[in-house]
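Chain by chain, the residues:
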Amino acid sequence: MAHDTTQHHGSATKRIWIVFAILSVVTIVEVILGIIKPEFLTDTYFLGMRLLNWIFIILTIYKAYYIAWAFMHLEHETKGLRRAIVWTGLFLVAYLIFILLTEGGYIYDVYKSGHVAWDF
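Model, not experiment: these values are computed from the prediction.

Conventions we followed
Residues numbered from 1 in each chain as written. Predicted model: local features only at pLDDT ≥ 70, side-chain atom pairs only at ≥ 80, totals over all residues. Heavy atoms only, no water. UniProt positions renumbered as here; feature names shortened; annotations may be inferred. Helix = DSSP H or I, 4+ residues; strand = E, 2+ residues; numbered from the N terminus. Expected span 1.5 Å × (residues − 1). Buried < 20%, exposed > 50% of the residue type's maximum accessible area, 1.4 Å probe, protein only. Patch = residues over 30% accessible without salt bridge, like charges linked within 9 Å, V, L, I, M, F, W, Y side chains within 5 Å. Areas by Shrake-Rupley, 256 points an atom, 1.4 Å probe, with all protein chains shown as cover. Salt bridge = Lys/Arg side-chain N within 4 Å of Asp/Glu carboxyl O. Contact = heavy atoms within 4.5 Å. Polar contact = N/O pair within 3.5 Å; in protein donor to acceptor, adjacent residues only side chain to side chain.

Novice: Quick question: what am I supposed to make of the UniProt feature "transmembrane region" (unreviewed entry) in the protein chain here?
Specialist: Feature annotation in UniProt places "transmembrane region" (unreviewed entry) on residues 16-36, 51-72 and 84-108, given in this structure's numbering. Note that residues 84-108 is 100% helix and 0% strand, and that its end C-alpha atoms are spaced 36 Å apart.

Okay, here's the thing in structure tokens:
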């Protein structure tokens with residue numbers, strides 16, 4: 001019985017290091033892209049926003065999903081509960097992005113057309 005506990009503890013430790021490595025790699029990629037800011041990613045627009053910003057959004061959503069999957073133990077839950085949590089979160093994030101892009105574009109156009117001064 002003690003052997004089973006030790007083996008389970010070892011696999012839990014291995015799992016924590018795997019999660020740490022995956023999240024670290026994604027974070028390092030985000031930081032490197034934020035420092036370097038490749039010209040082809042900052043000059044290319046997709047759906048009204050720079051491609052680099054979309055990459056940041058996608059990587060952040062991936063990290064949030066993986067954190068929930070690993071640390072909230074969603075991997076051991078039923079399929080229905082996982083879908084309810086993940087789909088709700090993805091819908092809300094997509095809706096927030098849509099609202100921010102729409103309203104941000106409108107405010108930018110108002111400032112650009114000269115109706116309001118840029119001085120804050």
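Novice: Even after reading the chapter, I still don't get helix H3 (residues 51-71), so can you show me in this structure?
Specialist: The α-helix winds at 3.6 residues per turn, so residues separated by three or four positions along the chain end up facing the same way. Relative to the 30 Å expected for 21 residues at 1.5 Å per residue, H3 spans 30 Å between its end C-alpha atoms, a close match to the ideal helical length. Residues of H3 that are buried include every one of Leu-52, Trp-54, Leu-59, Lys-63, Tyr-66, Ala-68 and Ala-70, and no others. His-73 lies just past H3 and shows a positive phi near 60°.

Novice: Looking at this model, I keep getting lost on helix H4 (residues 79-112). Mind explaining?
Specialist: For H4, with 34 residues, the first-to-last C-alpha span of 48 Å sits near the 50 Å given by 1.5 Å per residue. Buried within H4 we find Val-86, Ile-97, Val-110 and Tyr-111. Where H4 terminates, the next one or two residues include Gly-114, which has phi positive at roughly 95°.

Novice: How do you make sense of unusual backbone geometry when you look at a structure like this?
Specialist: Positive phi, close to 50°, is recorded for Lys-37, a residue that is not glycine. With respect to the helices, strands and loops of the structure, Lys-37 is situated in the loop between helix H1 (2-36) and helix H2 (39-43). Notably, His-73 is not glycine yet its phi reads approximately 60°, a positive angle. With respect to the helices and strands, the residue His-73 is situated in the loop between H3 and H4.

Novice: In this structure, what is going on with a nonpolar patch on the surface? I would like to understand it.
Specialist: Where nonpolar side chains cluster on the molecular surface, the patch consists of Ile-28, Val-31, Ile-32, Ile-35 and Ile-36 and spans about 500 Å² of accessible area. By secondary structure assignment, the location of Ile-35 is in helix H1. Among the residues examined, Ile-35 registers a relative accessible area of 65% and is labelled exposed.

Novice: Quick question: what am I supposed to make of the environment of Tyr-62 here?
Specialist: Note on placement: Tyr-62 falls in helix H3. Considered as a pair, Tyr-62 and Leu-23 are 39 residues apart in the sequence and their alpha carbons are 9.3 Å apart. Setting aside its immediate chain neighbours within four residues, Tyr-62 contacts Ile-22 and Val-26.

Novice: Just to check I follow, could you spell out the side chain of Thr-42 for this structure?
Specialist: With respect to the element layout, Thr-42 can be found in helix H2. Excluding anything up to four places from it in sequence, Thr-42 contacts Lys-37, Arg-50 and Leu-52.

Novice: Help me understand the side chain of Glu-30, please; the structure alone is not making it clear to me.
Specialist: In this fold, Glu-30 is placed in helix H1. By relative accessible area, which is 13% here, Glu-30 ends up buried. In this structure the side chain of Glu-30 is engaged in a polar contact, spanning 3.2 Å, whose partner is the side chain of Thr-60. A distance of 2.9 Å separates a polar atom in the side chain of Glu-30 from a polar atom in the side chain of Lys-63. Once residues within four sequence positions are removed from consideration, Glu-30 is found in contact with Phe-56, Leu-59, Thr-60 and Lys-63.

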